[in-house]
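Per-entry structural report
Here's the letter readout for the chains.
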Amino acid sequence: MGTALLLAACAAQPVKPPAPESYTAETTYAKLAARYPFIRIASRTVPPSVRAVTDVTYVRRRHGDLRHDLKLDLYLPAAAGTAPRAAIVFVHGGGWRAGVRANFAPMAIRMAERGYVAATISYRLSPEAPYPAAIHDAKAAVRWVRAHAPDYGIDPGRIAIAGGSAGGQIAALTGVTNGESRFDPDRGNVASDVQAIVNIDGLSDFTSEEARKYEDDPAKQPSSAGAWFGGRYAEKAALWRDASPLYHVKAGTPPMLFIVSAQRRFSLGRDEMTERLRALGVPNRVVPVPDTPHSFWLFDPWLAPTVEAADAFLKEVIPPRTDSPGLPPAA
């Protein structure tokens, strides 16, 4: 087969993404169980009260000459609703270079049990595409959810984005850049704006001296952040700042909830960010989950207070609209 024919054949096939280093509930449990023997991996079993719609392509990307279909899984109440429901898009963590969307299935299922339509998404990791590709993908996922609102009984005016660890940072940056076209190259007739943000133990500022001690560790060549940015802070300072949600806070930033572990490293920049949000009158809240490691949301008993905090905040900041017609979900 000639080179041209070979490339054409490859282009017709979906690309298999680069194999990431493992970051799953199972591998994390193996690291934490000795110190926290009471924890259990949160169940991904879908109960009869929830309907799952899996492996849905929300956007098609190119990786060289190959195609990468990015997928999401939807979890929604099985019973028909009398009014459109709020939706929440979940972004998994993994140091911007690893992780799987199934990590957020337990939380998505529990949010669906409380009446939300929840989506867990895959996105391009740093071995495939550097910053800000993951932000582009998260916005594309929000756009897909909004575009398909009538199909799944979603209120298009009540869509939140949430994430944990690196996914928390991605979710936060996706939300605070509402309306910034340079972060949204796929923009069209359907908006990618979100109405609320839930940041679970995700960094708010890459640039502080304390953050760089971890994220720009010279012993790591490259660090997780350095791999995503394509260079260390000294080489790409503007990029590191650009990726920090703290520096995008402005009037009109969506309401924001921080759910945090006992590990200070992952809350760096949060205090400065909440101060800016308060000064602008943007609703925000910090909910600590005491005595917890990072990745606490993957495990019982910590998932329950995480869900409770997210649900309570979203009910407050994006309550049902009185002017919305009923839209029952598709059968």
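What this report covers is the structure whose coordinates are included nearby. Here the structure is a predicted model, which means the values were calculated and not measured.

**A closer look at the environment of P156**
- Looking at the secondary structure, you find P156 in strand 6 (residues 154–164).
- In this structure the C-alpha to C-alpha distance between P156 and V289, which are 133 residues apart in sequence, comes to 31 Å.
- Those residues in contact with P156 that lie beyond four places of it in its chain are R146, A149 and Q195.

**Observations regarding the side chain of N178**
- Along the chain, N178 falls in the loop between helix 6 (166–176) and strand 7 (196–200).
- Other than its neighbours up to four places away in sequence, N178 contacts K139, S192, D193, V194, K250 and P254.

**What about the side chain of T274?**
- Mapped onto the secondary structure, T274 falls in helix 10 (residues 270–279).
- For T274, a relative accessible area of 4% corresponds to the buried category.
- Residues contacting T274, with those up to four places away along its chain left out, are F258, N284 and V286.

**Brief notes about the pattern of salt bridges**
- A full pass over the atoms with the stated rule returns 21 salt bridges.
- D137 is paired through a salt bridge with R61; the nearest N and O atoms lie 2.8 Å apart. Pair noted here: D137 is in helix 4 (residues 133–147) and R61 is in strand 2 (residues 50–63), with a separation of 76 residues, a long-range link.
- Put simply, R114 and E308 hold a salt bridge, and the shortest N to O gap is 3.0 Å. Here the residue R114 occupies a position in the loop between helix 3 (105–113) and strand 5 (117–121), and E308 occupies one in helix 11 (residues 303–317), the gap between them amounting to 194 residues.
- Judged by relative accessible area, which is 35%, R114 ranks as partly exposed.
- Within the structure, one salt-bridge network assembled from shared partners comprises R61, R124, D137 and D186.

**Regarding the layout of surface pockets**
- Of the voids in this model, the largest pocket is the one considered here, and its volume is about 590 Å³.
- In terms of lining, the largest pocket is formed by 27 residues, of which the most central are G94, G95, S165, S224 and H294.
- Of all the elements in the fold, those that place two or more residues in the lining of the largest pocket are helix 2 (25–32), helix 6 and helix 7 (209–215).
- For the lining of the largest pocket, the element with the highest residue contribution is helix 2, accounting for 4 residues.
- Here the lining of the largest pocket is built from residues that sort into 8 nonpolar, 12 polar and 7 charged.

Conventions and cut-offs
- Residues numbered from 1 in each chain as written.
- Predicted model: local features only at pLDDT ≥ 70, side-chain atom pairs only at ≥ 80, totals over all residues.
- Heavy atoms only, no water.
- Helix = DSSP H or I, 4+ residues; strand = E, 2+ residues; numbered from the N terminus.
- Contact = heavy atoms within 4.5 Å.
- Buried < 20%, exposed > 50% of the residue type's maximum accessible area, 1.4 Å probe, protein only.
- Salt bridge = Lys/Arg side-chain N within 4 Å of Asp/Glu carboxyl O.
- 1 Å grid on protein atoms, 1.4 Å probe; cavity = no way out; pocket = protein on both sides within 12 Å on 5 of 7 lines; lining within 4 Å.
- Points joined across faces, edges and corners; volume = space filled by probe spheres on them.
- Nonpolar A, V, L, I, M, F, W, Y, C, P; charged D, E, K, R; others polar.

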